[in-house]
Amino acid sequence: MNEAARIIDAMIAYYEGDARRIGHFLKVYGFAKAIGEAERLSGDALRILEAAAITHDIGIKNSELKYNSSAGGYQELEGPPEARKLLEALGIEERIISRVCWLIAHHHTYGDIRGDDHQILVEADFLVNADEDNLPPAAIGSVRRKVFKTRTGLLYLNRLYGV
């Protein structure tokens, strides 16, 4: 089983019984992988992106338990320690885990994008959230102008939402 499949398996076990959360991270992973490959990420950069896309919302469970909220700030706080435990148990190298945890800690931070992996993760998550949250066209257009930078992310956003 390849690395992404092992992480997916672990995350499905982590969110057992929560089909909505599992479906969400699988959709984000699909968009992130497609955008990453189209934008020519490879090697560790693509491994990091894939692992981060799969685990990006791992902090929701503890956020809801501790704060009775799944707000983005709580996810960014609670996610990295949980992701670290999961990825270490799978034998993922520290250099990969470190960046994945950083991405999880910043995946709702749109104002200071740092790196192609961060850009693509934010775009992939937004592509899914826009649909799941039923965002109005004006809100989608605003995020398009302010956040989206990759050619592929923009193409997908335009095709999905016509903005």
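Residues numbered from 1 in each chain as written. Predicted model: local features only at pLDDT ≥ 70, side-chain atom pairs only at ≥ 80, totals over all residues. Heavy atoms only, no water.

A.B. asks: Just to check I follow, could you spell out the overall build of the protein chain for this structure?
C.D. replies: For the protein chain, the count of helices and strands is nine helices and zero strands. Secondary structure elements in the protein chain, listed N-terminal to C-terminal, are α-α-α-α-α-α-α-α-α. Computed over its C-alpha atoms, the radius of gyration of the protein chain comes to 15 Å, within 12% of the 15 Å expected for a compact globule of 163 residues. Its C-alpha atoms give the protein chain principal-axis dimensions of about 40 × 40 × 30 Å. Expressed as a percentage of its 163 residues, the buried residues of the protein chain come to 47%. A separation of at least 24 residues holds for 62% of the contacts in the protein chain among residues at least 6 apart in sequence. Here the protein chain displays about 7,900 Å² of accessible surface, and carbon together with sulfur accounts for 52% of that area. In the protein chain, the 20 positive side-chain charges and the 24 negative ones have mean positions that sit 5 Å from each other. (Helix = DSSP H or I, 4+ residues; strand = E, 2+ residues; numbered from the N terminus. Rg over C-alpha atoms; globule rule 2.2 N^0.38 Å. Buried < 20%, exposed > 50% of the residue type's maximum accessible area, 1.4 Å probe, protein only. Contact = heavy atoms within 4.5 Å. Areas by Shrake-Rupley, 256 points an atom, 1.4 Å probe, with all protein chains shown as cover. Lys, Arg positive; Asp, Glu negative; His and termini not counted. Charge placed at Lys NZ, Arg CZ, Asp CG, Glu CD.)

A.B. asks: Can you walk me through the nonpolar core in this structure?
C.D. replies: Nonpolar side chains in soluble globular proteins tend to end up buried together. Counting residues in each nonpolar core, the largest one holds 46 residues, and the members touching the most others are Met-11, Ile-54 and Val-100. Sort the elements by how many residues they give to this core and helix α7 (residues 116-132) lands first, with eight residues. Filtering out sequence-adjacent residues up to four positions away, Met-11 remains in contact with Phe-25, Ile-54, Thr-55, Ile-58 and Leu-86. (Core = buried A, V, L, I, M, F, W, Y, C linked by side-chain atoms within 4.5 Å.)

A.B. asks: How should helix α2 (residues 19-38) be read in this particular structure?
C.D. replies: Residues three or four positions apart in an α-helix share a direction because the helix packs 3.6 residues into each turn. Here α2 spans 28 Å end to end across 20 residues, near enough to the 28 Å set by a 1.5 Å rise per residue. Among the residues of α2, Arg-21, Ile-22, His-24, Phe-25, Val-28, Tyr-29, Ala-32, Ile-35 and Gly-36 are the ones counted as buried. The arc enclosing the buried residues of α2, seen along the axis, measures out at 165°, which places them on a common side. Away from the buried face of α2 by more than 90 degrees, exposed residues Ala-19 and Arg-20 are located. Residues of α2 that are buried make contact with α1 (3-14), α3 (43-55), α4 (60-67), α7 and α9 (151-161). Once α2 ends, the next one or two residues include Arg-40, with phi positive near 70°. (Expected span 1.5 Å × (residues − 1). Arc of directions from axis to C-beta.)

A.B. asks: Honestly, the pattern of salt bridges in this entry has me stumped. Any pointers?
C.D. replies: If charged atoms from side chains of opposite charge come close, those side chains can pair. Taken as a whole and assessed by the stated rule, the structure comprises 16 salt bridges. Of the charged contacts in the structure, one is a salt bridge between Arg-84 and Glu-88, with a shortest N-O distance of 3.4 Å. Taken together, the residues span about one helical turn, with Arg-84 and Glu-88 both in helix α5 (residues 72-89) at a distance of four residues. Judged by its relative accessible area of 43%, Glu-88 falls in the partly exposed class. Put simply, Arg-84 and Glu-94 hold a salt bridge, and the shortest N to O gap is 2.7 Å. Of this pair, Arg-84 sits in helix α5 while Glu-94 sits in helix α6 (residues 94-104); the two residues are 10 residues apart in sequence, bridging distant segments of the chain. Classification of Glu-94 by relative accessible area gives partly exposed; the value is 43%. (Salt bridge = Lys/Arg side-chain N within 4 Å of Asp/Glu carboxyl O.)

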